[in-house]
Amino acid sequence: MTFKPARWPRKLRSQEWFAGTSKDAIYHRSWMKNQGLPADLFDGRPVIGILNTFSELNPCNAHLNDLAERVKHGVYEAGGLPVIVPVFSVSESGFRPTAMMFRNLAAMAVEETIRGQQMDGVVCLVGCDKTTPSLLMGAASCDLPTIMVSGGPMLNGYFKGERVGSGTHLWKFSEAVKAGEMTAAEFVEAEASMSRSAGACNTMGTASTMASMVEALGMTLSGNAAIPAVDSRRRVMAHLTGRRIVQMVKDDLKPSDILTREAFRNAVRTNAAIGGSTNAVIHLLAIAGRVGIDLSLDDWDAWGRDVPTIVNLMPSGKYLMEEFFYAGGLPVVLKRLGEAGLLHKGALTVSGGPIWEEVREVQNHNEDVILPADEALTQSGGIVVLRGNLAPDGAVLKPSAASAHLMQHRGRAVVFEDIDDYKARIEDEALEIDETCVMVLKNCGPRGYPGMAEVGNMGLPPKVLRKGITDMVRISDARMSGTAYGTVVLHTSPEAARGGPLAVVRTGDLIELDVAGRRLHLDIPDAELQARLAAWTPGVAPPASGYAKLYHDHVEGADKAADMDFLVGCRGNAVARESH
Ligand code: FES
């Protein structure tokens, strides 16, 4: 795509607040001047909002104030006026009931923070899982020039000489304790070794996946995704972003110019190549919805189907983000996709030029981290979309994290009605379950949990683990952490709490999973299924008030991005009325 920059100079949006000698203009400038800002900073130069998700209760983003200052340097150098603005920061590790329940609230807050205030361009400082999609969703709905800057991943963790990855080893060590292979004291000892520096999860979990997604979409400067949080080059990335956003405002290069269907195709294929998180499915659908791009679950399946997973990172592979950075990071992956004919080379990025120009010259510095195609972790790394009478609106599975011997499986369902039921019974030695069974978890979808918790990778029963078994087929309407693994069918839609077929599965029913055939089937007569569905009633009363009620009443299904129905779409940045 060829982008034609706008004419410059011209009157910017911020001048609606700051220009002239009216009472309102003086009011707006005067209050800003209490920060010691000289008068000429209000002369019509681009005002850049640096949206900062710093929070000490969001440890993955707790270092962002430093990056905000670096962006500020760059904006000043390029002749803009930078303003740091704190925004809603959703922590994956702490927010209850789930971080996902607040992605849409954060996106709504970000959108109104931008629209309601005197900004011409936006730099989004993000990191932990939900912060990246929520800020881009909000920014896309306003459509002011925007660049994303990630906080970067933590340095590698090590425990007893073994590389340990955020999340991935939490699940592994937890299962090892249950199987009697690790003591509880060793588990506690491993705790600090998993998080040895500032930054986000160091596996190819959701944070690193979403950092890669926004780079593949063209919404960051090239190379953003993998630079470790504490590497000085992360500061340089922030600094250069500050310079670049000022020119983007002058050129009027907006998210809607960059976030095309081709850009989303690039991102979906990138997700397959990196072995990215299933959460990217929901977040990219939501971002596309904010700019009116028609992106569907079927696009995910079709576009990723022939893309090998070449990034050898946990949870699918062996290494961590630090090694991915040293190997060359995402630009190497994009180059490899381009060479294989799997990249839309002309897709525009925040640079103002095509993505191919950013990556065509890069080198792979470690072929054990970014693998040759014939040594890929899997030749078909794309997210699989399953359908059938158990998932009429779709369900997803990540093949690079699944077990080959379970890709075609028929087994007896062992049903857990909700997460509390699962927790209460999973360690019961009397539970009738073995490795041939299919574990089914209900009521963990967008409306059910509420907020679609990351519990789909249910831990296996101890009596199965003790046999040395490490994987079973698991089906739910939940999500799974991007750091998790296993033959796990997720996002089953419609969810149980809306009366989807998942709601009426009973222990003892037979379920067929056929990944190659993209099929998820509950093996009961159709008349029986219809009779069960007709008799279904919701088990839990909806919330009566507060955000929980707004969320419950308006959140859509996982197949529709779990966005709120009234937030879909781009509403632009126009302010309807002056404040005084
Ligand atoms: Fe924040 Fe993983 S918990 S990035």
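Residues numbered from 1 in each chain as written. Predicted model: local features only at pLDDT ≥ 70, side-chain atom pairs only at ≥ 80, totals over all residues. Heavy atoms only, no water.

Colleague: Got a minute to help me understand the pattern of salt bridges in this structure?
Modeller: Two side chains that carry opposite charge are able to pair once their charged atoms sit near each other. Enumeration according to the criterion identifies 37 salt bridges in this entry. Put simply, Lys-23 and Asp-24 hold a salt bridge, and the shortest N to O gap is 3.9 Å. Owing to a relative accessible area of 62%, Lys-23 belongs among the exposed residues under this scheme. Ionic pairing is found between Arg-360 and Glu-357, a salt bridge with its closest N-O pair at 3.0 Å. (Salt bridge = Lys/Arg side-chain N within 4 Å of Asp/Glu carboxyl O. Buried < 20%, exposed > 50% of the residue type's maximum accessible area, 1.4 Å probe, protein only.)

Colleague: Looking at this model, I keep getting lost on the side chain of His-169. Mind explaining?
Modeller: You can see His-169 is positioned in helix H6 (residues 168-178). Only 3.3 Å separates the side chain of His-169 from the side chain of Glu-162, close enough to count as a polar contact. A distance of 3.0 Å separates a polar atom in the side chain of His-169 from the backbone nitrogen of Gly-165. (Helix = DSSP H or I, 4+ residues; strand = E, 2+ residues; numbered from the N terminus. Polar contact = N/O pair within 3.5 Å; in protein donor to acceptor, adjacent residues only side chain to side chain.)

Colleague: For this particular structure, what's the right way to read the side chain of Thr-492?
Modeller: Along the chain, Thr-492 falls in the loop between strand E12 (488-489) and strand E13 (510-514). Only 2.7 Å separates the side chain of Thr-492 from the backbone oxygen of Ser-476, close enough to count as a polar contact. In this structure, Thr-492 is in contact with Leu-390, Ala-391, Gly-394, Ala-395, Ile-475, Ser-476, Asp-477 and Leu-502, ignoring residues within four places of it in sequence. (Contact = heavy atoms within 4.5 Å.)

Colleague: Help me understand the packing of aromatic side chains, please; the structure alone is not making it clear to me.
Modeller: Aromatic rings in a pair are described by how distant their centres are and how their planes are angled relative to each other. Summed over the entire model, instances satisfying the criterion amount to 10 aromatic pairs. Relative to Tyr-551, the ring of Tyr-547 has its centre 6.1 Å away and its plane inclined at 45°; by these criteria the two rings are tilted. Of the two residues, Tyr-547 and Tyr-551 are both situated in helix H20 (residues 546-554); the distance of four residues between them amounts to about one turn of the helix. Tyr-551 carries the same exposure label as Tyr-547, and that label is buried. Pairwise contacts between aromatic rings join Phe-88, Phe-95, Phe-102, Tyr-547 and Tyr-551 into one cluster. (Phe/Tyr/Trp six-rings, centres within 6.5 Å; stacked < 30°, edge-to-face > 60°.)

Colleague: Explanation requested: the packing of helix H11 (residues 261-274) against helix H15 (residues 330-339) in the structure shown.
Modeller: Helix-helix packing is described using two parameters, namely the angle between the two axes and the distance between the axes. Contact geometry of H11 with H15 gives a least axis separation of 10 Å together with a crossing angle of 110°. As far as their axial angle goes, H15 and H11 are roughly perpendicular. Taken as a pair, H11 and H15 cross one another with a handedness that is right-handed. Contact residues: Arg-269, Thr-270, Ala-273 and Ile-274 in H11; Leu-330, Val-333, Leu-334 and Leu-337 in H15. Classifying every residue of the contact of H11 with H15 gives six nonpolar, one polar and one charged. (Axes fitted to C-alpha atoms, helices over the stretch in contact; angles between N-to-C directions. Parallel < 35°, antiparallel > 145°, perpendicular 65-115°, else oblique. Left-handed = near helix turned anticlockwise from the far one by under 90°. Nonpolar A, V, L, I, M, F, W, Y, C, P; charged D, E, K, R; others polar.)

Colleague: Whenever I open this one, the sheet that holds strand E3 (residues 121-126) confuses me. Can you help?
Modeller: To summarise the sheet geometry, strands pair through backbone hydrogen bonds and adopt either a parallel or an antiparallel arrangement. If you trace the four strands from one edge of the open sheet to the other, you get E2-E1-E3-E4, paired in parallel fashion. At either end of the open sheet lies a strand with only one pairing partner, and these are strand E2 (81-86) and strand E4 (146-150). Direction aside, neighbouring strands of the sheet carry axes that sit 20° apart on average. Strand direction decides the pairing type here: E3 and E4, joined by five bridges, are parallel. Following the sheet pairing, Val-126 is matched in E4 by Ser-150. (Pairing = 2+ DSSP bridges.)

Colleague: Is there a simple way to think about the nonpolar core in this case?
Modeller: Generally speaking, nonpolar side chains in soluble globular proteins are found buried as a group. Within the largest apolar cluster, 111 residues are counted, with the highest numbers of intra-cluster contacts made by Leu-51 and Phe-324. Those residues in contact with Phe-324 that sit more than four places away from it in its chain are Met-204, Ala-226, Val-311, Leu-313, Gly-329, Leu-330, Val-333, Val-369 and Ile-370. Grouped together as the second largest cluster of nonpolar side chains are 28 residues, Leu-397, Val-438, Ala-503 and Val-504 included. (Core = buried A, V, L, I, M, F, W, Y, C linked by side-chain atoms within 4.5 Å.)

Colleague: What is the right way to read unusual backbone geometry from this model?
Modeller: Outside of glycine, negative phi angles account for most residues, and trans bonds account for most peptide bonds. With an omega of 5°, the peptide bond running from Trp-8 to Pro-9 counts as cis. Located in the positive-phi region is Asp-143, a residue other than glycine, with phi close to 65°.

Colleague: I'm lost on the layout of surface pockets in this one. Help?
Modeller: Over the atoms rolls a probe the size of a water molecule, and in doing so it shows where empty space is left. Within this model, the second largest pocket holds a volume of roughly 650 Å³. Around the second largest pocket sit 26 residues that line it, and Asn-443, Arg-447, Gly-448, Ala-497 and Val-540 are the ones nearest its centre. Taken together, the elements giving at least two residues each to the lining of the second largest pocket come down to helix H17 (419-425) and H20. Within the lining of the second largest pocket, the residues separate by chemical class into 15 nonpolar, five polar and six charged. (1 Å grid on protein atoms, 1.4 Å probe; cavity = no way out; pocket = protein on both sides within 12 Å on 5 of 7 lines; lining within 4 Å. Points joined across faces, edges and corners; volume = space filled by probe spheres on them.)

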